[in-house]
Amino acid sequence: MKNIKYEKLFGIVVSLFILTFSAIFLFSRKIEFSENENRYLARFPHFSFSNLQSGKLTEGLEDYLADHFPFRDFFMSVKTKTELTIGKEMIDDVYIGSDEYLIQNYQKPENGHKIVDVLNQFYGDMNYINMNLMLVPTSITINEEKLPSYAPTYSQVEEMNAIYSKIKFDTIDVTEALKSGNQEYPMFYRLDHHWTSYGAYYAYLEFCKSNNITPLAITEFDIQEVTDNFNGTLYSKTNLYTLRPDKIHIFIPKNHHYEVNYVFSNRITDTLYEEKYLDQKDKYSYFLDNNHPLITITNQDIHNGNELLIIKDSYANSIIPFLVNHYEKVHVIDPRFYKFSIEDYLRENPNIRDLLILYNMNTVDQDLGILTIG
Amino acid sequence: MVFSSIPFLFFFFPLFLILYYIVPFKSYHIKWKNVILLVFSLFFYAWGEPIYILLMLFSTFLDYNCSRMMNRYQEKKKRKFFLLLSVVINLGLLGFFKYSDFLISIFNNIFHLEIPLLNLGLPIGISFYTFQTMSYTIDVYRRDVMPERNYFTYLTYVSMFPQLIAGPIVRYQTVSEELYKRDITYANFNSGLKRFIQGLFKKVLIANNIGFLWTTISTIPMNELSVMTAWLGILAFAFQIYFDFSAYSDMAIGMGRMLGFHYLENFNYPYVSKSITEFWRRWHISLSTWFRDYVYIPLGGSRVKRIINIRNILIVWLLTGIWHGAAWNFVLWGLYFGILLVIEKFVLKKYMEKWPTWVRHLYACFFILIGWLIFAFDDMSLLTSYAEKMFGIGSHGILDSTFVFYLKNYFIIILVAFIFSIPVYPWIKEKLSHKKVYYSAFGFVLILLVYLLLLLVVISYLVADSYNPFLYFRF
């Protein structure tokens, strides 16, 4: 084939294209924290012989390069757009549902029997306590009709029933409550894996029913929208920048004088909400300041001597604002971070007579913080 | 380091190319371009294997000296001694690192022992470079090539990063002249660059995408697999392994071209084959010709009694199977193809010629897919269980919603994979080359934009840290 005059340009243009990125990378300022992905980016790896030998050094360098690559957010969205264009309906284990819903996949559960064993053992040791287990189905169950057609899913309800049938203490099934509530209010955020305050409210009603507590009616709350710009974890995972953000609502009761003690941080506040997160990406942390090993909440308007312990994942942060209306003191333990014996804690706090174990169906099988309870 | 990675694309390779093009080919008796190539190749290897690089240095040093010795002595006995020395040590090293655990477990099984496994990591690319160095010593013994005088030139040949870790298996005679004198031209640079980008596209956008489908399907519990899902999974694996492997060859050939080397083609649209015999002429050509020239023909090839010929074919395919990995399924995989080839050669051949073309394609595709099924599972019980599902034994029906979901999610990728599995691209290129517009500024800009767009999407997948496996860790 005869040589053509433009051919020369090909190599030059492509080389310049590549070298531009190399140069921008070398001379750009590196950020430490990605707001969009809500995580710290990889740091430049530490050089040592053992790191080199084990391959950690080169792995670390590769992570560093990928994390700090120029226009990272732009490239992530190019990837997402490509995936959507070629017909993918699931990105990074998140289904792209209808009505702008992103729905986290539910992996085949594997730890059901272990969880049952640990919880029953725990109950055996502490059976003077009124113990409740609430496993919350996630958006994939409640918003099932919004999934792409034919999406292969495992049933959270079946798994929950399998666990409940073997648990020796009280269990609370909120599936139907959430499904019917979902007709009126969104029970789940569209772009985040958590439930909304509405979802938590409907679950709170079920908790009250099961424990003979008279719940506060929805009309007794002042419902406030605190942000209309919440782009949650599922948004970050998929990088679908065109979806409209979620709103966060909170329910404020008439009486709300609290002393909130973040025990291991030596910090005491008078609110369940942390304003500063509303300006950040991670807005769900507005509820009770993200994850803490131990929080105690004293309701200064109540003097009934009742105390509740909640063992939980981050879903509980939305339901606690309802539960605090019925207890003088609520203790909140996240066993993923609380490294002491919970049984000892109960012995040291003999006023605790009610206990709620609250997990969503995804984390209960995957984070396994629950297994350290015993 | 793999080619489809950010460190390679944006730092290693550009820096290498700049230096490679700046230095003179030769001055003061030093071949500077080779020096740059060697230094970067060693760094490239050490990036993933900082310790095992010593093994490669030892191996090449041994072969270099054995070949020198063969050249010095003319008596056949002495020459044979040095050949055997080289072959035995090379195969010994390969065998030790690759097969010792497999042999120990067989031994344990037979004698009910519990000898602990060594759990050695397999040095990357050892199967490739061992075969390269062996071809060299054998060729020197046969006086097909003159031995290399300079150790570093020889080391440059073996360690050249474009083809070091995943082939093609480049023989010394292919590049021996180019190690001393090669055309480093703009035309070569451009055509090599295009080939390289094509390889990147095949690896990152086709192979990784469809490979993820296979990974997903292979983790579905066996009792939930429908017949169609099982077949979809194997089809995905077949596409993944072809696009991944041939992409590495494309990138190697492309980079070689950019440096002035001309490696031989390694794949020639294997899935358009009309028989298994044809498939193996089109698949991993550098490996099958290696076995043909260094095992099959020395054993007598086909110019022997039929029974010996059959033996030869089975030996070659048994070895081909074992070369791919130390597990029973690879043994089975090799023998499976050996037996198919024997049947084709001695029984089917005369009938097959009368079959309609589409029947021959269907026949070849079916047996190729069954081959990949054997290749995909190194656990025999999983293999049989998966095979049962493909033929409806204990499967979750013929067709289920899982299948429909994955088919619609991957339909376009499968279509693209299919199109690039048949020679559509060369056909289009040929058609275009007769058109004037192809040579116009407009045509040039259009082609340039297509390549830049492909690069952009490839980069986005790499930055997003998507699924990007390296499949040849056990070769």
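Residues numbered from 1 in each chain as written. Chains lettered and ligands numbered in written order. Predicted model: local features only at pLDDT ≥ 70, side-chain atom pairs only at ≥ 80, totals over all residues. Heavy atoms only, no water.

### A word on the overall build of chain B
Of regular secondary structure, chain B possesses 19 helices and zero strands. Taking 475 residues into account, the globule formula puts the C-alpha radius of gyration at 23 Å, and chain B, at 24 Å, falls close to it. The 475 residues of chain B split such that 58% are buried. Pairs at least 24 residues apart make up 76% of the contacts formed inside chain B by residues separated by at least 6 positions. Looking at chain B as shown, the accessible area adds up to about 20,800 Å², and 70% of this sits on carbon and sulfur atoms. Of the charged side chains in chain B, 42 are positive and 25 negative, and the gap between their average positions amounts to 11 Å. (Helix = DSSP H or I, 4+ residues; strand = E, 2+ residues; numbered from the N terminus. Rg over C-alpha atoms; globule rule 2.2 N^0.38 Å. Buried < 20%, exposed > 50% of the residue type's maximum accessible area, 1.4 Å probe, protein only. Contact = heavy atoms within 4.5 Å. Areas by Shrake-Rupley, 256 points an atom, 1.4 Å probe, with all protein chains shown as cover. Lys, Arg positive; Asp, Glu negative; His and termini not counted. Charge placed at Lys NZ, Arg CZ, Asp CG, Glu CD.)

### As for the domain arrangement of chain A
Residues and elements named next belong to chain A. Considered domain by domain, chain A is made up of domain 1 (7-69) and domain 2 (102-372). Averaged C-alpha coordinates put domain 1 and domain 2 at centres separated by 39 Å. Facing four residues of domain 1, the contacting portion of domain 2 comprises seven residues. For the pairing of domain 1 and domain 2, the buried interface totals around 430 Å² over both sides, and the portion due to carbon and sulfur atoms is 38%. On the surface where domain 1 and domain 2 come into contact, there are zero salt bridges. (Domains from an automatic or database assignment. Buried area = accessible area lost by both parts, 1.4 Å probe. Salt bridge = Lys/Arg side-chain N within 4 Å of Asp/Glu carboxyl O.)

### Structural notes on the packing of helix α12 (residues 285-296) of chain B against helix α13 (residues 306-324) of chain B
Residues and elements named next belong to chain B. Where α12 contacts α13, the axes come no closer than 11 Å and their chain directions differ by 130°. Judged by the angle between their axes, α12 and α13 are oblique. Once α12 is placed against α13, the crossing between them reads as right-handed. Between α12, through Leu-287, Phe-291, Val-295 and Tyr-296, and α13, the contact on the second element is made entirely by Asn-309, Asn-312, Ile-313, Ile-315, Val-316, Leu-319, Thr-320, Trp-323 and His-324. (Axes fitted to C-alpha atoms, helices over the stretch in contact; angles between N-to-C directions. Parallel < 35°, antiparallel > 145°, perpendicular 65-115°, else oblique. Left-handed = near helix turned anticlockwise from the far one by under 90°.)

### Considering the interface of chain B and chain A
Each partner contributes residues to the interface: chain B has 48 residues there, and chain A has 51 residues. Run the count over chain B and chain A and you get one salt bridge. Ionic pairing is found between Glu-89 of chain A and Lys-408 of chain B, a salt bridge with its closest N-O pair at 3.1 Å. Inspection of the region where chain B meets chain A yields 11 residue pairs in polar contact (both at pLDDT 80 or more). Residue assignment for the side of chain B that touches chain A shows that the elements contributing at least two residues are α1 (6-22), α9 (186-218), α17 (401-421) and α19 (441-463) of chain B. Here the element with the most residues in the side of chain B that touches chain A is α19 of chain B; it accounts for 12 residues. Across the side of chain B that touches chain A, the residue classes break down as 36 nonpolar, nine polar and three charged. (Polar contact = N/O pair within 3.5 Å; in protein donor to acceptor, adjacent residues only side chain to side chain. Nonpolar A, V, L, I, M, F, W, Y, C, P; charged D, E, K, R; others polar.)

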